[in-house]
Amino acid sequence: MPYVERPGGADYGCPDEPFRAPFEVSDKNAEFPQVTHTSEQYDYAISEGIKLFTRMGFSNVSIDDIVSASGLNRYAIYSAFGTKADFFKACVRRYCATAIENLESLTNDPSIAPKEVVRRDLYSAAEEMCSTRSGCLVCENLNDMRHHSPELAEYCQNFYTTKEGILTKLFSRALNSGSIPAELEPDKAASAYMIFKFGLSVEVKRDTDVAVLNKNIDAFVSAMFRSSEKNGGQQSGPPNNQ
């Protein structure tokens, strides 16, 4: 099965089991001319594919849409990824891996208070959702995955479980430091966070402005954390690019 490597050798390939679904291509084993593209071009193709599948949904995306968004011709797509569904798998795995990596980077930084970790992650999510006017890639396509590929749906459920576990550790740290009320259990706080984040996607689809979303985020964070928490002088509002 073809796969894609980003610089450094990280594998974003697909499992051996193909993600079965209707395709525009009748013969996935057809011979195509060999084409050569750089790993940066394939990285770009996956990044654009994530946006495309998030905005339109798997069932509504055609190979021509992928060609237009990615800058690769269809032969390059077939050669590197296989079918449309294989390309979708690569996008989902990249999306999940990046989301976990970014969250761990925030939560593992001892210089960032838990309250600020939550705020920054939600600000980032709101900005990303507003750029596509849709929710996250996984939640927008989970029903299709459950129907066509239980294996990929299970992978995404594990993604949610992993993310919730990271958040539970974060809220445990907040509880131990007295940042959240003693009666707020870390796992329940993590669940509340996930629910609120899903709610952001609903607001985005109502064309809610990102500034309004950020105010809602501030209210949520203030309600969850003690207002007396010292956050090292960090101010509310979207963080500056660093």
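Residues numbered from 1 in each chain as written. Predicted model: local features only at pLDDT ≥ 70, side-chain atom pairs only at ≥ 80, totals over all residues. Heavy atoms only, no water.

1. Quick notes on the pattern of salt bridges
Item 1. Summed over the entire model, instances satisfying the criterion amount to 13 salt bridges.
Item 2. We note a salt bridge from Glu48 to Lys51, for which the minimum N-O separation is 3.2 Å. Pair noted here: Glu48 and Lys51 are both in helix α1 (residues 39-56), with a separation of three residues, about one helical turn.
Item 3. Using a relative accessible area of 17% as the deciding quantity, one classes Glu48 as buried.
Item 4. Residues Asp121 and Lys197 are paired through a salt bridge, measuring 3.2 Å at the closest nitrogen-oxygen approach. (Salt bridge = Lys/Arg side-chain N within 4 Å of Asp/Glu carboxyl O. Helix = DSSP H or I, 4+ residues; strand = E, 2+ residues; numbered from the N terminus. Buried < 20%, exposed > 50% of the residue type's maximum accessible area, 1.4 Å probe, protein only.)

2. What to know about the packing of helix α4 (residues 84-107) against helix α7 (residues 150-176)
Item 1. Their axes nearest at 11 Å, the elements α4 and α7 cross at an angle of 5 degrees. Relative to α7, the element α4 lies roughly parallel. Between α4, through Phe88, Lys89, Val92, Arg93, Cys96, Ala99, Ile100, Leu103, Glu104 and Thr107, and α7, the contact on the second element is made entirely by Glu151, Leu152, Tyr155, Cys156, Phe159, Thr162, Lys163, Ile166, Leu167, Leu170 and Arg173.
Item 2. Tallied by class, residues from the contact of α4 with α7 come to 13 nonpolar, two polar and six charged. (Axes fitted to C-alpha atoms, helices over the stretch in contact; angles between N-to-C directions. Parallel < 35°, antiparallel > 145°, perpendicular 65-115°, else oblique. Contact = heavy atoms within 4.5 Å. Nonpolar A, V, L, I, M, F, W, Y, C, P; charged D, E, K, R; others polar.)

3. A few points about the layout of surface pockets
Item 1. What the largest pocket holds in volume is close to 1200 Å³.
Item 2. For the largest pocket, the lining is made up of 36 residues, of which Tyr95, Glu128, Cys136, Lys163 and Lys197 are closest to its centre.
Item 3. Looking at the lining of the largest pocket, the elements that each hand over two or more residues are α1, α4, α5 (114-132), α6 (137-148), α7 and α8 (186-205).
Item 4. For the lining of the largest pocket, the element with the most residues is α5, which contributes nine residues.
Item 5. Of the residues in the lining of the largest pocket, the class split is 15 nonpolar, 12 polar and nine charged. (1 Å grid on protein atoms, 1.4 Å probe; cavity = no way out; pocket = protein on both sides within 12 Å on 5 of 7 lines; lining within 4 Å. Points joined across faces, edges and corners; volume = space filled by probe spheres on them.)

4. Quick look at unusual backbone geometry
Item 1. We note that Arg133 has phi near 55 degrees; this positive angle belongs to a residue other than glycine.
Item 2. Phi at Asp207 is positive, roughly 65 degrees, even though this residue is not glycine.

5. Points about the nonpolar core
Generally speaking, nonpolar side chains in soluble globular proteins are found buried as a group.
Item 1. Residues Phe53, Phe81, Val138, Met145 and Phe171 are the most contacted members of the largest nonpolar core, which totals 64 residues.
Item 2. Ranked by residue count, the leading element in this core is α4, at 11 residues.
Item 3. Beyond its immediate stretch of four places on either side in the chain, Phe171 contacts Val118, Ile180, Pro186, Ala189, Ala190, Tyr193, Met224 and Phe225. (Core = buried A, V, L, I, M, F, W, Y, C linked by side-chain atoms within 4.5 Å.)

6. Comments concerning the environment of Leu184
Item 1. Within the secondary structure, Leu184 sits in the loop between α7 and α8.
Item 2. Given the relative accessible area of 22%, Leu184 is considered partly exposed.
Item 3. Separated by 41 residues in the primary sequence, Leu184 and Phe225 have C-alpha atoms spaced 9.8 Å apart.
Item 4. Contact partners of Leu184, with chain neighbours within four places excluded, come to Leu175, Ala189 and Met224.

7. As for helix α3 (residues 74-81)
Item 1. Inspection of α3 places Ala76, Ile77, Tyr78, Ala80 and Phe81 among the buried residues, and these make up the whole buried set.
Item 2. Looking at the buried residues of α3, the elements they touch are α1, α2 (63-70) and α4.

8. Topic: the environment of Gln157
Item 1. Positionally, Gln157 belongs in helix α7.
Item 2. Spatially, the C-alpha atom of Gln157 lies 9.3 Å from that of Val138, the residues being 19 residues apart in sequence.

9. Remarks on α2
Item 1. Buried within α2 are the following residues: Ile63, Ile66 and Ser70. Seen along its axis, α2 keeps its buried residues to an arc of 60 degrees; they face one direction. Exposed side of α2, more than 90 degrees from the buried face: Asp64 and Ser68 are the residues found there.
Item 2. Among the structural elements, α1, α3 and α4 are those in contact with the buried residues of α2. (Arc of directions from axis to C-beta.)

Nothing here speaks to function; it is geometry throughout.
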